[in-house]
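Geometric and topological summary
Below are the chains, spelled out letter by letter.
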Amino acid sequence: MMVTWSTLRRGLCKGGIVCLYMVQYGCIAHCTLEYGADFVLCSGPSMEPTIRTNDIVLTEHITTMLNRTKRGDVVIAKSPTNPRSYICKRVTAVQGDKVRKGLFTEFVPKGHVWLEGDNRSNSTDSSSYGPVPQALLRGRVLLKVWPLNEVGYIRSRAASLRKAEEARVADT
């Protein structure tokens, strides 16, 4: 069987177009996951009951890139003690805030945040390693997507406290 040059060229051209589309979609996926949003599998007890081991959360990266993190936000950050792992904690203080640490008061310096787990009795956080540079923040947790019976937005601590206060006022 004889393959003509035009048949071979047409086949290579179609294969090349498919490869270009694959590279294009790969670049879009990379940029979306690196700079937009991604999914994170959480492990460890420090954020219980808000987030438990094996929960999957959706995070966005814009807030942390622009340094617009607020008190009460749940964030994913590079661990200050082990740069190969990530931690999930709540921002409890931002630059300029004072934090009580035992008998002492610590000042959160410019460009840093104070991170604590919701399960304070079982959390290694800023009370152990101090303020965390904002450059280590990877993303802000938006919502829990797994398990399916717990799908929903992760509220900031301030919003949760406000809602509890409104419920308490409504009961009286």
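Structure's up top.
As a starting point, this report considers the structure included with it. (Residues numbered from 1 in each chain as written. Predicted model: local features only at pLDDT ≥ 70, side-chain atom pairs only at ≥ 80, totals over all residues. Heavy atoms only, no water.)

In this structure, Val40, Cys42, Met47, Ile51, Val57, Val74, Ile76, Cys88, Val141 and Ile154 together form the largest nonpolar core, which totals 10 residues. Excluding anything up to four places from it in sequence, Val141 contacts Val57, Leu58, Thr59, Val74, Val75, Ile76, Cys88 and Ile154. Counting residues in each nonpolar core, the second largest holds 9 residues, with Ala77, Val91, Val113 and Leu115 among its members. (Core = buried A, V, L, I, M, F, W, Y, C linked by side-chain atoms within 4.5 Å. Buried < 20%, exposed > 50% of the residue type's maximum accessible area, 1.4 Å probe, protein only. Contact = heavy atoms within 4.5 Å.)

Following the sequence through the fold, Asp55 ends up in the loop between β1 (37-41) and β2 (56-60). Among the polar contacts listed, one links the side chain of Asp55 to the backbone nitrogen of Arg52, at a separation of 2.8 Å. Side chain to side chain, Asp55 and Lys144 meet in a polar contact 3.2 Å long. When near neighbours in sequence (up to four residues on either side) are disregarded, Asp55 contacts Val40, Leu41, Cys42, Thr50, Lys144, Trp146, Pro147 and Glu150. (Helix = DSSP H or I, 4+ residues; strand = E, 2+ residues; numbered from the N terminus. Polar contact = N/O pair within 3.5 Å; in protein donor to acceptor, adjacent residues only side chain to side chain.)

The full count for this structure, using the stated rule, is 1 aromatic pair. Pairing Tyr21 with Tyr25 gives two aromatic rings, centres 6.3 Å apart and planes at 20 degrees, and the pair type is stacked. Here the residue Tyr21 and the residue Tyr25 both occupy positions in helix α1 (residues 5-36), the gap between them amounting to 4 residues, near one helical turn. Under the relative-accessibility criterion, Tyr25 is labelled exposed at 54%. (Phe/Tyr/Trp six-rings, centres within 6.5 Å; stacked < 30°, edge-to-face > 60°.)

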